[in-house]
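Coordinate inspection notes
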Amino acid sequence: MRFFSFLRNYRKETVLAPLFKLLEALFELCVPLAVASLIDNGIAKGDMHHVLVMALVMVVLGVIGLLSSVTAQYFAAKAATGFAVGMKSALYRHITELSESDRDEIGNATLITRLTSDSALVQNGINMFLRLFMRSPFVVFGAALMAFTVDSSLAMTFTVVIPLLGLVVYLIMRRTIPMYRRVQGALDLILSKVRENLTGVRVLRAFGKEESEKKDFSSDLSSLLGLQLSSGRISALLNPLTYVIINLAVAFLIWEGRARFDLGLIEIGAIVALVNYMSQILTELIKLANLIITISRAVASWKRIDSVFETKPSMSDNPMGFVSDGESDDAVVFDNVFLVYRKGGEPSLRSASFAVRKGEHIGIIGGTGSGKTTLVSLIPRFYDATSGSVSVLGHKTDEWKRSALRSRIGYVQQKAVLFRGTIKANVSWGKPDASDEEIYDALKAAEAYDFVMEKKDGIMTAVEEGGKNLSGGQRQRLVIARALIRKPEILILDDSSSALDYATEARVRHNLSLLGNMTVFTVSQRAGSLMTMDRIIVMDNGSIADIGTHEELLSRSEIYREIYDSQFGGEK
């Protein structure tokens, strides 16, 4: 089972943690007997030596119990933490193996929740389970057995009280555990909404949706509060009901104990010991109830995590695949390619067929949702074609070793993604061993060199998370530099110059034309950005409407002419 595989390296800890807890419980069960002896054989008889000896025994029992408890906690924490580290590492590796389509279906917010809050709940559940799953039942039944060694007649009270307390705990847990699961689900929904609103806070403010979102959040929060109050009211009955039962039992023990004391059948210390054992049972049953709640939450969280593990990657790597180019003059070949996203219904790409020679500069244009990004996403094998085939540098994409294929491709997506660190660290993602000179060359080609060198720390300038301390145009030029530094054979620019002015964009295009025999795919909404391309692919509703040069398309493609006229007012 996958769950236990993460505990494989912590077998010793999973055994020692409960054993030391049992040792602690054993010493704890001996304390009431020491108290009884102190009272009956020491205080009652005026034997101070015995009082001191028993007091010392109780101190020793307490110290040994404390050491046992700390040791058990250490082993439990080590096993739980080790489990969590192994599980998170495996989950993260599994997520990285999922295709773009798989992650689209699950959702990034869901994956983050599985790696964070759900993992924490499972870790806490394991920790508590190792410490209490044996201790609590051991103390409950151990206290009952010890009570029989004190006075078998009064100990019969325990045989009635323990099942009654167990029934109360069972009924309350049976009612509240499903409610706690619904609470966790409602909490997940709220966390997802908060994450969504924080990510899109500028959009909310731009459209004046703050108040409506606050109302929606308050409504969701009220629903969560209602669930928590309902479960809280029921679980709140646990302590009063159990205390009533225990107090009645204690009152009965004292009443009957007095009668037996008057008859000389029992000593006062024994009565005190029985009361202490009854209190121990109450404490452990409450601990057991909390453990059950924690375990139920952990199990629910594990099921959610396991569902991610159960998601098999729809696109697997080919470890024995090609690692070198094939003998072909074509850089990219699409052969009757169809693509349907998971649960996407209609094809997002239909019957795409074309070939691109090495060194060609290809433009891709079309309306929103026409399939431009889908088309170029198939080249680095972010997705696999549903039917048909895509060949890159002489081999079909699924015949390549994935790392070898992507090492030949520079990809710049629509959203410029930078990471916390420095400009040098971000640009070096494209080539980890790049020298400063190579970084400078890539920055110059991306028209980023001037603004970088104007900064006080140059390429060592700090970059905040997401590049928030840089403008949109600066971010785009840095990610272009990151793609260029690896000197890729194929460069894909997916609408990556939308934040650049026309002059800067023109200089970047000119610089790209000087970089040798590199095949370039440029996705753009601007017809002016593609006019100098060797060929332009016109996309429409997932299909290739036409392919040709700027002049050819102006003369025969109505779609391209409409786009051009809308931007240039019909000028040629």
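As shown above, the structure is provided for reference.
The notes below deal with the structure included here.

Cut-off values and rules
Residues numbered from 1 in each chain as written. Predicted model: local features only at pLDDT ≥ 70, side-chain atom pairs only at ≥ 80, totals over all residues. Heavy atoms only, no water. 1 Å grid on protein atoms, 1.4 Å probe; cavity = no way out; pocket = protein on both sides within 12 Å on 5 of 7 lines; lining within 4 Å. Points joined across faces, edges and corners; volume = space filled by probe spheres on them. Helix = DSSP H or I, 4+ residues; strand = E, 2+ residues; numbered from the N terminus. Nonpolar A, V, L, I, M, F, W, Y, C, P; charged D, E, K, R; others polar. Contact = heavy atoms within 4.5 Å. Axes fitted to C-alpha atoms, helices over the stretch in contact; angles between N-to-C directions. Parallel < 35°, antiparallel > 145°, perpendicular 65-115°, else oblique. Left-handed = near helix turned anticlockwise from the far one by under 90°. Buried < 20%, exposed > 50% of the residue type's maximum accessible area, 1.4 Å probe, protein only. Pairing = 2+ DSSP bridges. Right-handed = clockwise from strand over helix to strand, strands pointing away. Phe/Tyr/Trp six-rings, centres within 6.5 Å; stacked < 30°, edge-to-face > 60°. Lys NZ or Arg CZ within 6 Å of the ring centre and 35° of its normal. Polar contact = N/O pair within 3.5 Å; in protein donor to acceptor, adjacent residues only side chain to side chain. Core = buried A, V, L, I, M, F, W, Y, C linked by side-chain atoms within 4.5 Å. Expected span 1.5 Å × (residues − 1). Bend = angle between axes of the 7 residues up to and from the residue.

Some remarks on empty space enclosed by the protein
All chains considered together, the criterion is met by one cavity of 30 Å³ or more. Reported here for the largest cavity is a volume of approximately 100 Å³. Looking at the lining of the largest cavity, the elements that each hand over two or more residues are α18 (502–513) and β10 (519–523). No other element matches the four residues that α18 contributes to the lining of the largest cavity. The class makeup of the residues in the lining of the largest cavity is seven nonpolar, four polar and three charged.

Section: the environment of V427
Here V427 shows up in helix α14 (residues 423–427). For the pair formed by V427 and R482, sequence separation is 55 residues and the distance between their alpha carbons is 4.3 Å. When residues no more than four places from it in sequence are discounted, the contact partners of V427 are I439, L443, L478, A481, R482 and I485.

Examining the packing of helix α6 (residues 135–150) against helix α7 (residues 152–199)
Where α6 meets α7, the closest approach of the two axes is 7 Å, and the angle between their N-to-C directions is 160°. Accordingly, the angle class assigned to the pair α6 and α7 is roughly antiparallel. The chirality of how α6 crosses α7 is left-handed. Between α6 and α7, the contacting residues are V140, A143, A144, A147, F148 and V150 on the first element and S152, A155, M156, F158, T159 and I162 on the second. For the contact of α6 with α7, the residue count by class is 10 nonpolar, two polar and no charged.

Some details on the pairing of β10
Of all five residues in β10, five are buried, a share of seventy percent or more. Residues T519, F521 and V523 line one face of β10 and the alternating positions V520 and T522 line the opposite face, and both faces are buried. As paired elements, strand β3 (residues 361–366) and β10 share four bridges and run parallel to each other. Across the sheet, G363 pairs through a bridge with T522, a residue of β10. Bridging between strand β9 (residues 490–494) and β10 involves five bridges; their strand directions are parallel. Bridge pairing in β10 places D494 opposite V523. At this point the chain moves from β9, through α18, to the parallel β10, and the crossover so formed is right-handed.

Observations concerning the packing of aromatic side chains
This structure, assessed with the given rule, holds 16 aromatic pairs. The interplanar angle of 55° and the centroid separation of 6.3 Å between the aromatic rings of F83 and W302 together place this pair among those described as tilted. With F83 in helix α3 (residues 48–97) and W302 in helix α11 (residues 268–310), the pair connects residues that are 219 residues apart, well separated along the chain. We classify W302 as buried; its relative accessible area is 9%. Every member of this aromatic cluster is reached through a ring pair, and the members are F3, F4, F6, F83, W302 and F309. Here the guanidinium or amino end of K444 rests over the ring plane of Y449, the centre of that ring lying 4.9 Å away.

Quick notes on the environment of G42
Within the element layout of this structure, G42 appears in helix α2 (residues 11–43). Using a relative accessible area of 0% as the deciding quantity, one classes G42 as buried. C-alpha of G42 to C-alpha of V53: the two residues are 11 residues apart in sequence and 9.3 Å apart in space.

Focus on the side chain of R381
Within the secondary structure, R381 sits in the loop between α12 (372–377) and β4 (387–392). A polar side-chain atom of R381 sits 3.0 Å from the main-chain carbonyl oxygen of S316. Contacts of R381, omitting those with residues within four sequence positions, involve M315, S316, D317, T397, D398, L405 and R406.

Examining the nonpolar core
Core analysis: the biggest nonpolar cluster contains 42 residues, and F158, M278 and I281 have the highest contact counts within it. Beyond its immediate chain neighbours, meaning those up to four positions away, F158 contacts A143, A144, A147, P163, L253, L274, Y277, M278 and I281. The next biggest cluster of nonpolar side chains, apart from the first, holds 32 residues, and it includes L418, Y440, I485 and L491.

Here's the deal with the pairing of strand β11 (residues 535–540)
Regular strands have side chains that alternate between both faces of the sheet. Bridge analysis of β3 against β11 gives five bridges, and the strand direction is parallel. Bridge assignment links I364 to a residue of β11, and that residue is I537. Relative to strand β12 (residues 543–548), β11 is paired through five bridges, and the arrangement is antiparallel. Across the sheet, D540 pairs through a bridge with S543, a residue of β12.

Notes on α7
The end-to-end C-alpha separation of α7 is 67 Å, in line with the 70 Å expected for 48 residues at 1.5 Å each. When the local axis directions of α7 are compared, the greatest deviation, roughly 30°, occurs at T176, which is followed within four positions by the proline P178. Structurally, the start of α7 carries an N-cap: the backbone nitrogen of S153 is 3.1 Å from a side-chain oxygen of D151.

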